[in-house]
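Residue strings, one per chain:
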Amino acid sequence: MKKHIMDFTLEELENLVPKKFQAKQIYGWIYQKYITDFQEMSNISKELRQELSEKYYISSMEIINRQVASDGTIKYLFRLQDGRSVETVLIKMRDEKIDKNGDILQQARWTICLSTQVGCKVGCSFCLTAKGGFVRDLTAGEIVEQVVAIKRDINLEHNRKTNIVYMGMGEPLDNLDNLVQAIKIIANQNGLSISPKRQTVSTSGIAPKIDKLGILGLGVNIAISLHAVDDEVRNELIPMNRAFNIQSIIEAIKRYPYDTRKRVMFEYLMIKGVNDSLKDAKKLIKLLQGIKAKINLIYFNPYPGSIYERPNEEDMEKFASYLNSKGLLATIRASRGMDISAACGQLREQHVRISQSS
Ligand code: SF4
C-alpha cells in the first residue's frame with residue numbers, strides 16, 4: 001500500500017532514497033514548490049521518480065469548500081482519503097502595504113490554524129466539533145498537508161513568514177506522536193521551514209501530555225484553553241477537567257520549558273453569565289500568579305442550537321481592563337472571520353448538513 005510522503009521527516013526520507021541529498025531535493029519540490037506529481041521533480045532521475053510514485057503519494061486531500069471572510073480570513077474544508085472532512089483556517093494577521101510605485105512596504109502576515117483529529121474526544125459543551133464525537137486521529141502527513149495545500153492555494157511563496165497554531169478540530173495532545181512528527185516536518189529548514197518558535201500547540205489541558213511535550217524540548221509554544229477559573233464551571237465547559245483539573249494544568253505549565261522572553265498564552269472564551277464577571281477576573285489574577293501569561297479573551301460565537309450566549313461588549317471591556325490594571329496582559333481577540341462562522345467545526349457541520357439534506 002502506498003504511503004503519504006509527508007509522513008516522513010527529512011532524516012527518515014534520507015534512509016528511504018539511494019542518496020541522502022535526494023531527500024533534500026524531494027523536500028524542496030514538495031514543500032517549497034508545492035508540486036503534486038513526482039514526475040515534476042526534474043532534477044531527480046526517471047528511475048527514482050518511478051520508484052517514488054509506486055511507493056508514495058504526495059497529495060491526499062482536496063478542498064471541498066472555501067469561504068473567504070471580509071477580513072481576509074479563509075476557511076477551508078478538506079476531504080480526506082477516507083471521505084472524512086476536516087477544516088483549516090488561514091487567518092490574515094495583517095494586510096500587505098504597497099507604496100505608489102507598487103513596491104511592497106510591509107508583507108501580509110498569515111497564521112494557519114490546523115486540525116489534528118477528525119472530531120474530538122474532549123467534548124466541550126460550547127463546541128460544535130464536539131457534537132460529532134471523535135472519529136480518528138489525523139496522520140502526520142495529513143496535518144502537514146493542510147499547510148502545503150493552503151500555501152499552494154493562495155500562491156504563498158515558501159519563504160513568507162507564517163505562523164502555525166494547532167487549534168483547529170481535535171485536541172492536539174491527544175494525538176501526540178503524529179503532532180510531534182508534524183511539528184518536526186513543518187520546522188525543517190529544507191522544507192516549510194516554520195520554526196517551532198512560530199508554532200503553537202493549543203490544548204484544553206491534558207496535564208501529563210503537556211509534561212511529555214515539554215520533555216521533548218522541541219521549542220514549540222504552548223497555549224491553554226482555560227475558559228474558567230474554578231473547577232465547577234470548567235467541568236461543565238470542558239468535561240475532561242474532571243481528570244485534569246485547573247491546578248494540575250497550572251502546575252504543568254510552570255514546569256513547561258517555555259521561552260522566558262515570551263508569555264504563555266491562555267485562551268479564555270467569554271460566555272455571557274457563565275465566566276464573564278469581575279469575580280472571575282479577580283480569581284484569574286490569583287490563579288496565574290507566578291506565570292508570565294497573556295490572556296486572550298475571545299467572544300463566544302453562538303451557532304444554531306448552542307446553549308450559550310455571546311457576552312456584552314461592555315462586560316468584555318471591563319474584564320480586560322481589570323486584568324490589565326492588575327498587570328496581567330489581556331487582549332480581546334478580534335473575531336476574525338466571524339461572517340464565515342470561524343469557530344472550530346462550524347464549516348464542517350454546515351457542509352455535513354448540506355450534504356445530508358441534498
Ligand atoms: S473546543 Fe477543541 S478540545 Fe474542546 S471539543 Fe472542541 S475541538 Fe475538542
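Residues numbered from 1 in each chain as written. Predicted model: local features only at pLDDT ≥ 70, side-chain atom pairs only at ≥ 80, totals over all residues. Heavy atoms only, no water.

A. Here's a closer look at the overall build of the chain. Each helix and strand in the chain was counted, giving 12 helices and 16 strands. Taken along its principal axes, the extent of the C-alpha atoms in the chain is 70 × 50 × 45 Å. Counting all 358 residues of the chain, 51% fall into the buried class. Across the chain, the fraction of contacts at a sequence separation of at least 24, relative to all contacts at a separation of at least 6, is 64%. (Helix = DSSP H or I, 4+ residues; strand = E, 2+ residues; numbered from the N terminus. Buried < 20%, exposed > 50% of the residue type's maximum accessible area, 1.4 Å probe, protein only. Contact = heavy atoms within 4.5 Å.)

B. Region of interest: the packing of aromatic side chains. Inspection of every chain in the model, using the stated rule, returns 6 aromatic pairs. Summarising the aromatic geometry, the rings of Tyr-76 and Phe-78 are spaced 5.9 Å apart at their centres and angled 10 degrees between planes, so their arrangement reads as stacked. A relative accessible area of 0% places Tyr-76 in the buried class. An angle of 90 degrees between the planes, with centres 6.1 Å apart, marks the rings of Phe-300 and Tyr-308 as edge-to-face. An aromatic cluster is defined as three or more aromatic residues linked by ring pairs; in this entry it consists of Phe-300, Tyr-303 and Tyr-308. When the ring centre of Trp-29 is taken as origin, the NZ or CZ atom of Lys-33, which lies over that ring, is 4.6 Å away. (Phe/Tyr/Trp six-rings, centres within 6.5 Å; stacked < 30°, edge-to-face > 60°. Lys NZ or Arg CZ within 6 Å of the ring centre and 35° of its normal.)

C. Quick peek at helix 10 (residues 278-287). Among all positions in helix 10, only Asp-280, Ala-281, Leu-284, Ile-285 and Leu-287 are buried. The arc that holds every buried residue of helix 10, seen down its axis, measures 165 degrees, which confines them to one face. Counted as exposed and oriented over 90 degrees from the buried face of helix 10: Lys-279 and Lys-286. Buried residues in helix 10 make contact with helix 9 (246-255), strand 14 (264-270), strand 15 (293-299) and helix 11 (313-325). (Arc of directions from axis to C-beta.)

D. View of the pairing of strand 14. In terms of burial, strand 14 is a largely internal element, 6 of the 7 residues being buried. Inspection of the sheet shows strand 13 (residues 221-225) paired to strand 14 by 3 bridges, in the parallel sense. The partner of Ala-223 across the bridge, within strand 14, is Met-265. As paired elements, strand 14 and strand 15 share 7 bridges and run parallel to each other. Looking at the pairing, Val-264 lines up with Ala-293 of strand 15. (Pairing = 2+ DSSP bridges.)

E. Summary view of the pairing of strand 16 (residues 329-332). Here strand 15 pairs with strand 16 via 4 bridges, running parallel. Across the sheet, residue Leu-297 finds its bridge partner in strand 16, namely Ile-332. On the question of chirality, the crossover connecting strand 15 to the parallel strand 16 by way of helix 11 is right-handed. (Right-handed = clockwise from strand over helix to strand, strands pointing away.)

F. Looking closely at the domain arrangement of the chain. Each assigned domain of the chain is listed with its residue range as follows: domain 1 (3-57) and domain 2 (62-357). Across the contact, 18 residues belong to domain 1 and 21 residues belong to domain 2. In total, domain 1 and domain 2 occlude about 1600 Å² of area from one another, counting both sides; carbon and sulfur atoms represent 57% of this. Summed over the three residues of domain 1 that lose the most area to domain 2, namely Met-6, Gln-32 and Tyr-34, the buried surface amounts to 41% of that side. (Domains from an automatic or database assignment. Buried area = accessible area lost by both parts, 1.4 Å probe.)

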